[in-house]
Amino acid sequence: MKQQFAVGDKAVYPVHGVAEVVALEQRDIGGAPTPVYILKIIDSGLKIMVPTTNAGSVGLRYLITSKQVKEVYSILKSRDIPRDTQTWNRRYREYMEKIKTGSVFEIAEVLRDLCVLRVTKELSFGERKMLETARTLLVKELAIAKGVGEDKIADEIDTIFAAAAA
């Protein structure tokens, strides 16, 4: 699947979240002129340069569709998660790998699992940071995909997990 982004397109860059393609430029990389996307991460303002030929391999992808938004919500509402018996550091590594994939579905699973887990046990500092990262990435992408404010999405997510805590 050849992805071609244009200036002004929104894309998702793994771990950093939603970015806007602010420019398409030619850069000299390894002695050869290479077309690159210049991305600006919406949340942090960070600028990232990605060779267009590497866009797929680094996980750069389009925003999710409205059909995929429904899938994300069903993942968040699902409670049939395996009973957790791992140590926090093994769980942390596993969740970090999921976040690094950039898949909105994997990130939704991490958020769901950590929110459900925190009802029964104290999360480590790293897990709390990861929960916040997953939540931020998800809220930003869902808000843009649905065309609503981030506050509305954050409230919807809080409502889903308030029921779990009750």
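Rules used throughout
Residues numbered from 1 in each chain as written. Predicted model: local features only at pLDDT ≥ 70, side-chain atom pairs only at ≥ 80, totals over all residues. Heavy atoms only, no water. Salt bridge = Lys/Arg side-chain N within 4 Å of Asp/Glu carboxyl O. Buried < 20%, exposed > 50% of the residue type's maximum accessible area, 1.4 Å probe, protein only. Helix = DSSP H or I, 4+ residues; strand = E, 2+ residues; numbered from the N terminus. Axes fitted to C-alpha atoms, helices over the stretch in contact; angles between N-to-C directions. Left-handed = near helix turned anticlockwise from the far one by under 90°. Contact = heavy atoms within 4.5 Å. Nonpolar A, V, L, I, M, F, W, Y, C, P; charged D, E, K, R; others polar. Expected span 1.5 Å × (residues − 1). Core = buried A, V, L, I, M, F, W, Y, C linked by side-chain atoms within 4.5 Å. Pairing = 2+ DSSP bridges.

### Section: the pattern of salt bridges
- For the coordinates displayed, the defined rule picks out 12 salt bridges.
- A salt bridge links glutamate 25 to arginine 27; the shortest N-O distance between them is 2.6 Å.
- Among the residues examined, glutamate 25 registers a relative accessible area of 31% and is labelled partly exposed.
- A salt bridge links aspartate 43 to lysine 140, with the nearest nitrogen and oxygen atoms 3.4 Å apart. Here the residue aspartate 43 occupies a position in the loop between β3 (32–41) and β4 (47–51), and lysine 140 occupies one in helix α4 (residues 125–146), the gap between them amounting to 97 residues.
- Judged by its relative accessible area of 10%, lysine 140 is buried.
- Here the salt bridges do not stand alone but share partners, grouping Asp43, Lys140 and Glu150 into one network.

### Remarks on the packing of helix α1 (residues 66–77) against α4
- The interhelical angle for the contact between α1 and α4, taken along N-to-C directions, is 145°, at an axis separation of 11 Å. The interaxial crossing formed by α1 with α4 has left-handed handedness. In this structure, α1 contributes Val69, Val72, Tyr73 and Leu76 to the contact, and α4 contributes Leu138, Leu142, Ala145 and Lys146.
- Each residue belonging to the contact of α1 with α4 can be placed in one class, and the counts come to seven nonpolar, no polar and one charged.

### Considering α4
- For α4, built from 22 residues, the straight-helix expectation of 32 Å at 1.5 Å per residue is met to within 8% by its first-to-last C-alpha distance of 31 Å.
- Once α4 finishes, glycine 147 follows within two positions and takes phi at roughly 70°, a positive value.

### Considerations on the environment of aspartate 155
- In this fold, aspartate 155 is placed in helix α5 (residues 150–165).
- Aspartate 155 sits 26 residues away from lysine 129 along the chain, and the two C-alpha atoms are 19 Å apart.

### Overview of the nonpolar core
- Counting residues in hydrophobic clusters, the biggest one holds 30 residues, and the most contacted among them are Val72, Leu76, Leu111, Leu138, Leu142 and Ile157.
- Dropping the residues within four chain positions of it, leucine 138 is found in contact with Val72, Leu76, Val104, Ile107, Ala108 and Leu111.

### With respect to the sheet that holds β3
- Reading across the sheet, the five strands line up as β4-β3-β2-β1-β5 and stay open at both edges, with antiparallel pairing between neighbours. Of all strands in the sheet, those with a lone pairing partner are β4 and β5 (61–62), marking the two edges.
- Examined bridge by bridge, β3 and β4 share five bridges and lie antiparallel to one another. Its bridge partner lying in β4, leucine 39 is registered against isoleucine 48.
- Contacts from α4 reach β1 (10–13), β2 (17–29) and β5 within the one sheet, and its direction differs from that of β2 by about 95°.

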